[in-house]
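# Descriptive analysis of the structure
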Amino acid sequence: MTNRDVDWSGALARAAANAPFLARAIDRLPDLAALLAAGEGEAALCWARTAGEGAPNIGSALRRERLALALALGIGDLAGAFPLARVMGELSAFADRALDAAIGDAIARRVPDAAPRGFIALALGKHGAGELNYSSDIDPILLYDPATLPRRARDEPGEAAQRIARSVVETLSRADAEGYVFRVDLRLRPASEVSPLAIPLDAALSHYESSALTWERAAFIRARAASGDIAAGEAFLAAIRPFVWRRSLDFGAIAEIRRLTRRIRDSQAGAREVGPGFHLKRGRGGIREVEFFAQTHQLIHGGRNPALRVRGTRAALDALAAAGIIAGEDAELLGGAYDRLRTVEHRLQMIADQQTHTLPAEAAQLDRVARLDRLPDGAALIAELGPLCAAVGERYDRLIAADEAIAPSPATVPSGRALADELGRLGFAGGSGLAARVEGWRSGSVRALRSDAARTAWEAVQPQLLRALAAAPEPERAFLRWEELLANLPSAMNLFHLLEARPALTELLARILSLAPPLADALARRADLLDPLLDATAFDLPGDVATLAADFASGEAGDDYQRLLDRVRRKVGELRFALGVQLIEGATDPLAIAAGLSRVAEAAIEVLARATEAEFARVHGRIAGSEPIILGLGRLGGGALTHASDLDIVHLFTGDFLAVSDGARPLGGTLYFNRLAQRIGAALSVPTAAGALYEVDIRLRPSGGQGPLAVSFDSFARYQREQAWTWEHMALTRARPLFGSAEARAELTGIIHDVLAAPRDPAKLRREVLEMRGEMARHKPPQGPLDAKLHRGGLVDLEFLVHAVQLREGRALVPNLREAVQMLVEAGLLPTGMSAAHDVLTRLLVAARLLAPDGEPPSSPGRAVLATACGCGDWDELTATLATARLTVADAWAEQFGERLEMA
């Protein structure tokens, strides 16, 4: 709205004619009315904020301020000068000030001059979101800290806290000739029927961690520390954050919110469609449905996406659209509808300063509301709101319909003989025995099924799960692994609700259990690994390292080092699991999977090494001119990990090893970087509450297990030039700096290149390569027919061959093995078939780590999946392709070394 559209005189006239409450306020506050008539909106607000000066007590001061603020905001709203967000924000800020003043006054009455520590008012609902109504009550939760609450020596903390709470309610709720401040409703506190008005922090924390209900989670989406001891309130909200924002998708909670909305609709006594008597808040397509639409999606996705943890309704809708969770046009429509409905709600409440949300049933009263809103009559208002609410209702209907569509039917859950017959019809062998085991789960042999709620959730999903297990490539194996998974889970409620809500996920779960033991084991540790698969992007490859690192590092204000460790473990676990699913579904080339796994690991190293370095520096400071560098070797250095790969790394540092750090506890250079290396290694490998991350192998460092964890660049270069064995230089061909400044990485890359490109005695190189490979073959035999790595003609032979040629010729010195092979082929130093052989062997290695981890051929269904993953039409084609690849490597070996491999 432009300045020319702002109409102060018209607003005053409409208020005087149609809103008795505003008309009385105009008469009582002529100086304020004069400012408004002159169009001085900001000056009017300043006047209103000081209206309580000179009052005899806090209560009187707040009542005067409230009346003045109501007039200034009301006329500014009607004039078009103050947008809805400004009006709601000013009302919410006043509620904060009023609560704070009432708390301070209550404490000062008993303990003069005491700071208002240890007493907290949490704002919830519209107050917490900064979206208070024009005439609203407030629903704070009052908490106190017995250790810091000011009180008289003879007062018990609990007694003092209840006295303060009663005083706060009295100050704000008391009505007299000056009006009132706020109606205060404390029923949102834990166990409000029996609990005191103010709750000790520890008791509240225990409640929310153990026994809170779903609606309380939804309420805390918009909670904030509003008044009193703000710092203590923010610390409390941080402590219960996991209760509100759960990492796993809680479809049980979502269904409960949907059922709550349906009950509200069913119990609504007024008009169900827009018309006289329609309830703007609770009616179909009303304000609450917009709020619940946003909050439901926030509850589903906010635990995994911190960007969705916003309090305002419009802000939540915008964030959901930005994240691609809801359509942008839905966010725009719902947001616009919300603003319009809230505006009309304010018009209703301006008339008599009553907390009403119902359109008047009498035509004359409805016309009054319409004229306040610059509309000709009530019919025009109804005509505008009807389509708006219908559009909101249609969108919210989909959420309710989704809940109804997955409602369980107890009649479909067989037991006893009927269950055995059903298992037999599904194709399971030994239906009676399997039925007895299923009955045993329900009777309490499985910890996750010992509550009535858990058994009910299980019965809702049991039929579809058993059908999915029966349809899996290997039904009996899938059944057994499901049983193992169920036995390992401390709670399976959320898993059951998730499968119930997404039947297609049940089929995918059965395939995972049947085909990929490592993924099944991962699920037994973390059932929430299924959650990301609901998003279609789960079948996209991970982004680049910088993008992944930014995602891993993104958290919330106040997150500490331990939370970072947990977050990285969760995110890495989810990405590795999703990549595994892509592989078994044949959706992605195993070579791309290997590269994706490497990028994930590199991002984890970047984030955790950076954070560990900062944490270490807090105590020990930093060393000027020095920095830690992490060098990746093996499959990590080559950028092609498998799901079973550990991380081969070497820790180095730049600068003078004699220098000393500048922290409170200074350390010499060598000790500093060795201790830092230990910390980084722990960050990458030690399990936390979120699970394990990687196995880290540091045996490739200079001097191996006998050498220090971290050495300087100078020491590294000298060792590689003067002491390193040939096998160490072969390992160095796959070396790649992963952490450190660009300058340091470039310097280290130069050192490595100079070492590798140095002239060598070809005869000595050949002799040492053959000795090393022969020794490995004697002490490390292949694990099975599908061991693409250790069988002669496999990847180890290919790697030895490539590295020998690289060192002999000083060419193709790149860490990526595939690129090195291609460069050597193009140079005529390796036969043309070597590139294809590398790809065949690597695809099999990556795929078999999940589908045949013991190296033995899987059953017929597993063979088909393995063949597909490797780009072959069937098992026979895979075995033939593998044989050709091995013979290609063997022939190249004979050509380079004059020695035939013993092929098994």
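Cut-off values and rules
- Residues numbered from 1 in each chain as written.
- Predicted model: local features only at pLDDT ≥ 70, side-chain atom pairs only at ≥ 80, totals over all residues.
- Heavy atoms only, no water.
- Helix = DSSP H or I, 4+ residues; strand = E, 2+ residues; numbered from the N terminus.
- Contact = heavy atoms within 4.5 Å.
- Areas by Shrake-Rupley, 256 points an atom, 1.4 Å probe, with all protein chains shown as cover.
- Lys, Arg positive; Asp, Glu negative; His and termini not counted.
- Charge placed at Lys NZ, Arg CZ, Asp CG, Glu CD.
- Phe/Tyr/Trp six-rings, centres within 6.5 Å; stacked < 30°, edge-to-face > 60°.
- Buried < 20%, exposed > 50% of the residue type's maximum accessible area, 1.4 Å probe, protein only.
- Lys NZ or Arg CZ within 6 Å of the ring centre and 35° of its normal.
- Core = buried A, V, L, I, M, F, W, Y, C linked by side-chain atoms within 4.5 Å.
- Pairing = 2+ DSSP bridges.
- Axes fitted to C-alpha atoms, helices over the stretch in contact; angles between N-to-C directions.
- pLDDT = per-residue confidence, 0-100.
- Parallel < 35°, antiparallel > 145°, perpendicular 65-115°, else oblique.
- Left-handed = near helix turned anticlockwise from the far one by under 90°.
- Nonpolar A, V, L, I, M, F, W, Y, C, P; charged D, E, K, R; others polar.
- Arc of directions from axis to C-beta.
- Polar contact = N/O pair within 3.5 Å; in protein donor to acceptor, adjacent residues only side chain to side chain.
- Salt bridge = Lys/Arg side-chain N within 4 Å of Asp/Glu carboxyl O.

This paragraph deals with the overall build of the protein. A count of helices and strands for the protein gives 39 helices and 11 strands. The principal-axis extents of the C-alpha atoms in the protein amount to approximately 110 × 75 × 65 Å. Once local pairs closer than 6 in sequence are excluded, the contacts in the protein between residues at least 24 apart make up 72%. Total accessible area on the protein stands at roughly 36600 Å², and carbon and sulfur atoms take up 52% of it. Here the protein holds 103 positive side-chain charges and 115 negative ones, and the gap between their average locations is 3 Å.

Moving on, we get to the packing of aromatic side chains. Scanning all chains against the criterion turns up 15 aromatic pairs. Between the aromatic rings of Phe94 and Phe182, the centroid separation amounts to 5.5 Å while the plane-to-plane angle is 35°, which identifies the pairing as tilted. Separated by 88 residues along the polypeptide, Phe94 in helix H6 (residues 84-110) and Phe182 in the loop between helix H8 (157-173) and strand E4 (183-184) bring together distant segments of the chain. A single burial state applies to Phe94 and to Phe182, both of which are buried. Geometrically, the ring pair formed by Trp458 and Trp482 is stacked, given 6.1 Å between the ring centres and 15° between the ring planes. Placement of Trp458 in helix H21 (residues 452-471) and of Trp482 in helix H22 (residues 475-488) is noted, with a sequence separation of 24 residues between them. You can call Trp458 buried: its relative accessible area is 0%. Chaining the aromatic ring pairs together yields one cluster made of Phe428, Trp441, Trp458, Phe479, Trp482 and Phe496. The cationic tip of Arg66 hangs over the ring face of Tyr180; the distance from NZ or CZ to the ring centre is 4.5 Å. Residue placement shows Arg792 over the ring face of Trp893; its charged tip is 5.7 Å from the ring centre.

Judged by nonpolar contacts, the single largest core of 169 residues is most densely connected at Leu469, Trp482, Leu530, Phe577 and Leu631. Considering each element in turn, this core owes the most residues, 14 residues, to helix H28 (residues 590-620). Leave out the neighbours within four places in its chain, and Phe577 touches Ile512, Leu519, Ala522, Leu523, Leu529, Leu530 and Leu533. Counting residues in hydrophobic clusters, the runner-up holds 94 residues, among them Leu73, Ala316, Ala331 and Ile400.

Turning to the sheet that holds strand E1 (residues 119-123), a few remarks are in order. Within the open sheet, the four strands sit side by side as E5-E3-E1-E6. Their pairing is mixed. Pairing within the sheet leaves two strands with one partner each, and these edge strands are strand E5 (198-200) and strand E6 (224-228). Neighbour-to-neighbour, the strand axes of the sheet open up by a mean angle of 35°, direction not taken into account. The sheet strands contacting H6 are E1 and E6, and the helix crosses E6 at an angle near 45°. Relative to the sheet, helix H11 (residues 230-239) contacts E1, strand E3 (141-144) and E6, its axis offset from that of E6 by approximately 155°.

A word on the confidence of the model for the protein. Regions with low pLDDT should not have their predicted coordinates read in detail. On average, residues of the protein score 91 in pLDDT, and 95% of them are at 70 or above. Residue range residues 405-411 is modelled with pLDDT below 50. Its contacts to residues more than four positions away, or to other chains, number five contacts.

Further remarks concern the packing of helix H36 (residues 817-826) against helix H37 (residues 833-851). One way to put it is that H36 packs onto H37 with a least axis distance of 8 Å and a crossing angle of 165°. Viewed along their axes, H36 and H37 adopt a mutual orientation that is roughly antiparallel. Two packed elements cross with a definite hand, and for H36 against H37 that hand is right-handed. Contact residues: H36 offers Leu817, Arg818, Val821, Gln822 and Val825, while H37 offers Met834, Ser835, His838 and Asp839. Looking at the contact of H36 with H37 residue by residue, the class counts come to four nonpolar, three polar and two charged.

What follows covers the environment of Arg811. Within the element layout of this structure, Arg811 appears in the loop between helix H35 (795-809) and H36. Taking the C-alpha atoms as reference points, Arg811 and Arg309, 502 residues apart in sequence, are found 53 Å from one another.

The next thing to look at is unusual backbone geometry. Unlike most non-glycine residues, Ala191 shows phi in positive territory, near 45°. On the secondary structure map, Ala191 appears in the loop between E4 and E5. Notably, Arg374 is not glycine yet its phi reads approximately 65°, a positive angle. Its place among the elements puts Arg374 in the loop between helix H17 (363-372) and helix H18 (378-405). A residue is classified by how much of its surface remains accessible, and Arg374, at 40% relative accessible area, is partly exposed.

Considering the arrangement of structural elements, one finds Thr642 in the loop between helix H29 (634-637) and strand E8 (647-653). Judged by relative accessible area, which is 2%, Thr642 ranks as buried. Apart from residues lying up to four places away in sequence, Thr642 is in contact with Arg576, Leu597, Arg635, Leu845, Val846 and Arg849.

Turning next to H36. Listed as buried for H36 are Leu817, Ala820, Val821, Leu824 and Val825. Within H36, the buried residues cover an arc of 135° as seen down the axis, which keeps them to one side. If you check the start of H36, you find a side-chain oxygen 3.1 Å away from the backbone N of Arg818, and it comes from Asn816. Trailing H36 by a residue or two, Gly828 shows a phi angle of about 80°, which is positive.

For the rest of this paragraph, the subject is the pattern of salt bridges. Summed over the entire model, instances satisfying the criterion amount to 52 salt bridges. The partner of Glu65 in a salt bridge is Arg97, with the nearest N and O atoms 2.6 Å apart. With Glu65 in helix H5 (residues 58-79) and Arg97 in helix H6, this residue pair connects regions lying 32 residues apart in the sequence. A residue is classified by how much of its surface remains accessible, and Glu65, at 9% relative accessible area, is buried. Residues participating in the shared-partner salt-bridge network are Arg63, Arg64, Glu170, Arg174, Asp176 and Glu178.

In this section: the side chain of Asp353. Considering the arrangement of structural elements, one finds Asp353 in the loop between helix H16 (328-352) and H17. Classification of Asp353 as buried rests on a relative accessible area of 11%. Side chain to side chain, Asp353 and Arg66 meet in a polar contact 2.8 Å long. A polar side-chain atom of Asp353 sits 3.0 Å from a polar atom in the side chain of Ser135. Each residue touching Asp353, except ones within four places of it in the same chain, is listed here: Phe21, Arg66, Ser135, Tyr180 and Arg183.

Packing of H5 against H6 brings their axes to within 11 Å, and their N-to-C directions diverge by 180°. Between H5 and H6, the crossing angle belongs to the class labelled roughly antiparallel. Taking contact as the criterion, the partners of Ile58, Leu62, Glu65, Arg66, Leu69, Leu73 and Asp77 in H5 are, on H6, Val87, Glu90, Leu91, Phe94, Arg97, Ala98, Ala101 and Asp105.

What follows is about the pairing of strand E7 (residues 628-633). Across the six residues that make up E7, a large majority, six, are buried. Burial along E7 is two-sided: Pro628, Ile630 and Gly632 and Ile629, Leu631 and Leu633, pointing in opposite directions, are all buried. Bridge count for E7 against strand E11 (residues 736-739) is three bridges, and the pairing is antiparallel. Looking across to E11, one finds that Ile630 is bridged to Phe739.

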